[in-house]
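A closer look at the structure
So you can see what is in the structure, the chains are spelled out below.
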Amino acid sequence: MEKINSLTGMADLIGHKDKKSNQSDSIFQVEKKLIEIFENYSLQEIRTPALESEKLFNRSVGDLSDIVNKELYTFKDKNEKSISLRPEGTAGVARSIIEKKLDNESHRFWYLGPMWRYERPQKGRYRQFYQAGVELIGYEEGLSELEMISLVISINSELNINDSIIKINHLGDRKAKEGFCQSLKEYLEPYRSELDEKDIDRLSKNPLRILDSKNSNTQKILKNAPKISDFISDEASNLLNTIKNTYPENHIEIDHSLVRGLDYYTGFVFEAVSENLGAQDSYLGGGRYDELFEDLGGKSLPAIGMAIGIERLSYIAKNEFFEPTLVHFIILSDKIEEKAYKIAHDLRSCNRKLIIEVQLSQGSLKSKLRRANKDNATFAIIIGKDELDSDSVILKSLKEENSSQKQLNIDELQDFLKSLD
Ligand code: HAM
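Heads up: these notes are all about the structure in this document. (Residues numbered from 1 in each chain as written. Predicted model: local features only at pLDDT ≥ 70, side-chain atom pairs only at ≥ 80, totals over all residues. Heavy atoms only, no water.)

All of the buried residues in helix H7 (residues 197-205) are Asp199, Arg202 and Leu203. Around the axis of H7, the buried residues are gathered within 105° of arc, so they sit on the same side. As for H7, its buried residues are in contact with helix H6 (174-188) and helix H8 (216-222). (Buried < 20%, exposed > 50% of the residue type's maximum accessible area, 1.4 Å probe, protein only. Helix = DSSP H or I, 4+ residues; strand = E, 2+ residues; numbered from the N terminus. Arc of directions from axis to C-beta. Contact = heavy atoms within 4.5 Å.)

So, in C-alpha cells, the structure goes:
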C-alpha cells in the first residue's frame, strides 16, 4: 500500500523520553516556560480560530504585504466562502475583541498556536510553525512599550539566550509613515534601473520594505536616502532613547531601517535577533498598531503586541531540563490484577511531581527491569503474587551501585513517595 507523507514544510512534533537530544521536547519545554512568564506578567489567555475570512487578513496584515500577497493559504469552503488559514494571530484577536464588543476596555492577552505561511521552507522557516503572541490592547504609547521590551528581556534571561540583539525603531503615525514613503519613493525613482526585480516591485507596492532589501547595491543606494528619523516627532525619538536607557545592560539598538513586514504597524516597532539562527535570525517581532481596530470596523483603540517564533526560540534557548524522578511500576502477572492496578492508580495522587510509568507490556521480571534501567528510572516498584497476598510491594532502588531492595506495606510506600522531590 502507498504510504502517505506529511506536507512540505509541516513537521510532526514527537516527544521522547530522552528529552535532552530531542528538538520536539525542546519546543514543548519552551512553550511551558513562556506560559509561566506570561502569567508572571498578568496576561490572560485568548484562543481564536485557525480559520478566518480571507478579507480579515487583507484589511489588517495588508494586501500588499508578502504574507497576504504570496503566502496566504486561501481556499473556498463548501459554501464558496473564501477562507484563510491564519498567517499570524493579531488580526484574529482584534476581530474577536470587536465582534464581542470588548473594545471599550483594556486587555492583556497571550496566545500560542500554529500559523501557516506558504513560504519556501528552510531552517527556521516552515509552512506550519508555532507562535506565542502577546497583545496589550487599550494602552497608549509609553509604559506599554517598556512592558513589551521588559517581557523580551525576561524571555531572554529565563531561556538563557545571551547573544540577543533587540532592534527598535519608530515609524511615526500613519501620516508620518506616508510622508516618509513618498519621499523615499521620490528619492529611489531615478535609481529604478539599478534595482533588482524584487525591489522594483516593492518600490511601486510597498516602498518601506526596500529598507529590508538584501541586495548590497540597493543598500548602497539607500545610504543617502531620506531617513525615517527626519519624519518622526521628538517624542518618538525620546521614546526610543528612554527604552534604550531603561535597560542599559541589555543589547538594544536603535535601527531606523527596521520596518517589519505587516502593514498594520504605526509607531514603535521591534525585533529580537540572534546570530546563532543563521539566515532566519529574527526570533520575535512586534510593534504598535493603533489604527487596526478602526480599520477592522471597531472603535479607535491603541494597542501593541509581539509574536515569538517557537521553533526559532527553541534552537537558541539553553534549556535546563528539569527531570522529575521516574518510577516504573511492574506487575508480575499474565492476567489483569485489579488490586495491583488500583495500587498504582492511588500512587499517582501521592506526589504529582513524580513520573510513574506502569509497564503495560507482558514479560519476565528480568526484561521489565531491563526496560526500567534503559529508561533511566530511579526506582522500580514490583508487585507479584506474594506481595498481593500480603498487601505489600518490593521497592527497588535502581540508581545505587548495589541496587538495594526492600519490602514495604502500601502506607509505607505512599509515605516514601510523598517524601521524594
Ligand atoms: P512576524 O514578524 O511576522 O510578526 O512573526 C513573528 C515571528 O514568527 C518571527 O519573528 C519568527 O520568529 C516567526 N515566524 C514567522 N514566519 C515564520 C515561518 N515561516 N517559520 C517559522 N517561524 C516563523 C507577526 O506575526 C505579528 N503578528 C507580531 C505581532 C503581534 N505584532 C503585534 N502583535
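This is not the end of the story, as more comes after the structure.
Where a strand is regular, its side chains alternate between the two sheet faces. With seven of seven residues buried, strand S11 (residues 303-309) lies mostly within the body of the structure. Every second residue of S11 is oriented toward a common face, with Ala303, Gly305, Ala307 and Gly309 on one face and Ile304, Met306 and Ile308 on the other, all of them buried. Both strand S10 (residues 282-288) and S11 contribute to a ladder of five bridges, which runs antiparallel. Among the inter-strand pairings, Gly287 is bridged to a residue of S11, identified as Gly305. (Pairing = 2+ DSSP bridges.)

Bringing the site of the ligand into the picture now. Of all residues adjacent to the ligand, which total 26 residues, the nearest are Glu88, Glu119, Tyr126, Glu135 and Tyr265. With respect to the ligand, the side chain of Gln131 contributes an N or O atom lying 3.0 Å from an oxygen atom. In isolation the ligand exposes 660 Å². Once the protein is present, 96% of that is buried. Those elements that place two or more of their residues in the shell around the ligand are strand S6 (128-137), S10 and S11. Counting residues per element, the shell around the ligand draws most heavily on S10, which supplies six residues. (Near = heavy atom within 4 Å. Polar contact = N/O pair within 3.5 Å; in protein donor to acceptor, adjacent residues only side chain to side chain. Areas by Shrake-Rupley, 256 points an atom, 1.4 Å probe, with all protein chains shown as cover.)

Moving on to the nonpolar core. Ranked by internal contacts, the top residues of the largest apolar core, which has 47 residues, are Ile137, Leu188 and Phe293. Residue assignment for this core shows that the elements contributing at least two residues are helix H2 (54-62), helix H3 (66-69), helix H4 (90-99), strand S5 (107-116), S6, H6, H8 and helix H10 (292-295). Formed by 41 residues, the second largest nonpolar core is a distinct cluster that contains Leu151, Val152, Leu159 and Ile304. (Core = buried A, V, L, I, M, F, W, Y, C linked by side-chain atoms within 4.5 Å.)

A separate point is the pattern of salt bridges. Applying the stated criterion across every chain, the model contains 26 salt bridges. Between Lys33 and Glu36 there is a salt bridge; the shortest N-O distance is 3.5 Å. In this pair, Lys33 and Glu36 both sit in helix H1 (residues 23-40), three residues apart, roughly one turn of the helix. Close ionic contact of Asp255 with Lys167 constitutes a salt bridge, the shortest N to O distance being 4.0 Å. Here Lys167 lies in strand S7 (residues 164-170) and Asp255 lies in the loop between strand S8 (252-254) and strand S9 (268-274), a separation of 88 residues in the sequence. (Salt bridge = Lys/Arg side-chain N within 4 Å of Asp/Glu carboxyl O.)

What follows is about the packing of aromatic side chains. One pass over the structure, following the stated rule, counts nine aromatic pairs. Between Phe379 and Phe416, the ring centres sit 5.2 Å apart and the planes meet at 90°, which makes this aromatic pair edge-to-face. Taken as a pair, Phe379 in strand S14 (residues 379-383) and Phe416 in helix H15 (residues 410-418) lie far apart in primary sequence, 37 residues in all. The exposure class assigned to Phe416 is partly exposed, which follows from its relative accessible area of 23%. An aromatic cluster of at least three residues, connected via ring pairs, comprises Tyr264, Tyr265, Tyr289 and Phe293. The ring of Tyr315 carries the charged tip of Lys123 above its face, separated from the ring centre by 4.3 Å. (Phe/Tyr/Trp six-rings, centres within 6.5 Å; stacked < 30°, edge-to-face > 60°. Lys NZ or Arg CZ within 6 Å of the ring centre and 35° of its normal.)

Limitation: the analysis is restricted to geometry and does not speak to function.
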